[in-house]
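Chain and residue survey
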Amino acid sequence: MSRVEATAHASAPVLAAYRYCETVTGQQARNFAYGIRLLPTDRRQAMSALYAFSRRVDDIGDGGLETAAKQQRLEDTRALLARVKDGRISEDDTDPVAVALADAARRFPIPLDALDELIDGVLADVRGETYETWDDLKVYCRCVAGGIGRLSLGVFGTVPGAPDVERAPEYADTLGLALQLTNILRDVREDAANGRTYLPAEDLAKFGCSAGFHGPVPPAGSDFTGLVHFEVARARALFAEGFRLLPMLDRRSGACVAAMAGIYHRLLTRIADDPEAVLRGRVSLPGREKAFVAVRGLSGLDARAIGRRAAVRRRG
């Protein structure tokens, strides 16, 4: 039985669990939901299950519980994940996210250990860890975002015979880093209000921003624009590397990735054009621009262009 047929013949509890996860995704992650709507039903359901579990982990970290209570909740969630890995979740389990995730893991080669990495990353948030260098921050980003890229690749799969396909997990991981660094730039003031600093301390010092970001204007005497452009250049290099994944995916999976990543890539451009906007409020794209990105992704233009550039590099 194919995966599509398996979805069509899924039991009522499993279908209900997927509907719950899709509702969570639609309500909580508009950019993500915008991208995965381009996928076939079985892949869209699996991606919704991954999102719903990941969202649960993030919500624990961002919630109002005391540190010890957050840590316990995260370890409880890790124990639930272990039950999923071991095949100990039944279809009539009371947790719909676990039911959906367990079914998705049976249908796709999803590297569930990456969800353990996500929990590790959120535990770092709970402990209030900061990062001295980009190499330090990369470790965190790989936990909370690079792992999501590898999980997604487990659902998407790759096109048989695609050049350099063995590097697909590396490119998926790198694309996750690009998205996470864009998120960090977008949320710099919101994170500061929550007592969190993600940008590397050595970068903040280099541009006179060690005082942090607690208002709608940069710290006095700082080169905030220089800091943002420095981090934008880093994120663009990560995008350029991560986008090499696109020609390795089938048309609809590639469209999904191009749509989601394209939205963040355009968001990065907006931040670069007006760096101080991230201190005044949340930078976002209007719906019509998201739709344009989705159509461009569905057309395959981005994947074909990247494929041509990669072919030129191989010949060179």
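All of the points below concern the structure found in this document.

Analysis parameters
- Residues numbered from 1 in each chain as written.
- Predicted model: local features only at pLDDT ≥ 70, side-chain atom pairs only at ≥ 80, totals over all residues.
- Heavy atoms only, no water.
- Phe/Tyr/Trp six-rings, centres within 6.5 Å; stacked < 30°, edge-to-face > 60°.
- Helix = DSSP H or I, 4+ residues; strand = E, 2+ residues; numbered from the N terminus.
- Salt bridge = Lys/Arg side-chain N within 4 Å of Asp/Glu carboxyl O.
- Buried < 20%, exposed > 50% of the residue type's maximum accessible area, 1.4 Å probe, protein only.
- Polar contact = N/O pair within 3.5 Å; in protein donor to acceptor, adjacent residues only side chain to side chain.
- Contact = heavy atoms within 4.5 Å.
- Expected span 1.5 Å × (residues − 1).
- Axes fitted to C-alpha atoms, helices over the stretch in contact; angles between N-to-C directions.
- Parallel < 35°, antiparallel > 145°, perpendicular 65-115°, else oblique.
- Left-handed = near helix turned anticlockwise from the far one by under 90°.
- Nonpolar A, V, L, I, M, F, W, Y, C, P; charged D, E, K, R; others polar.
- Core = buried A, V, L, I, M, F, W, Y, C linked by side-chain atoms within 4.5 Å.

**Some thoughts on the packing of aromatic side chains**
Within this structure, the stated rule accounts for five aromatic pairs. With a centroid separation of 5.6 Å and an interplanar angle of 50°, the aromatic rings of Phe207 and Phe230 are classed as tilted. Of this pair, Phe207 sits in the loop between α11 (201–206) and α12 (224–242) while Phe230 is found in helix α12, placing the two residues 23 residues apart along the sequence. Taken together through their ring pairs, the aromatic side chains of Tyr131, Tyr140 and Tyr198 make up a single cluster.

**Concerning the pattern of salt bridges**
By the definition in use, this model includes 30 salt bridges. For Arg78, the salt bridge is made with Glu75, and the minimal N-O distance between the two is 3.0 Å. Here Arg78 pairs with Glu75, and both are found in helix α5 (residues 67–85), just three residues apart, close to one helical turn. The class of Arg78 is buried, set by a relative accessible area of 18%. Residue class for Glu75 comes out partly exposed when judged on its relative accessible area of 35%. Here the salt bridges share partners, and the residues they tie into one network are Glu75, Arg78, Lys85, Asp113, Asp116 and Asp120.

**Section: the side chain of Asp103**
Structurally, Asp103 is set in helix α6 (residues 96–107). Polar side-chain contacts of Asp103 include one of 2.9 Å to the side chain of Arg107. Contact partners of Asp103, with chain neighbours within four places excluded, come to Val14 and Tyr18.

**Considering helix α13 (residues 251–273)**
Note: α-helices contain 3.6 residues per turn, so residues at a spacing of three or four share the same orientation. Its 23 residues place the ends of α13 32 Å apart at the C-alpha level, agreeing with the 33 Å of an ideal helix rising 1.5 Å per residue. Where α13 begins, the side chain of Asp250 points an oxygen toward the backbone nitrogen of Arg252, at a separation of 3.1 Å.

**Some remarks on the packing of helix α8 (residues 134–156) against helix α9 (residues 168–186)**
For the pair α8 and α9, interaxial distance at closest approach is 7 Å and the crossing angle is 120°. Relative to α9, α8 is oriented oblique. Of the two possible hands of crossing, α8 and α9 adopt the one that is right-handed. Looking at side-chain class alone, the contact of α8 with α9 contains 13 nonpolar, five polar and four charged residues.

**Topic: the nonpolar core**
Within the largest apolar cluster, 98 residues are counted, with the highest numbers of intra-cluster contacts made by Leu115 and Phe213. Of the residues forming this core, the biggest block, 11 residues, is contributed by α8. For Leu115, the residues in contact, after removing those within four places along its chain, are Leu50, Phe53, Ser54, Leu81, Leu101 and Leu151.

Fair warning: the whole summary comes from geometry, so function is off the table for now.
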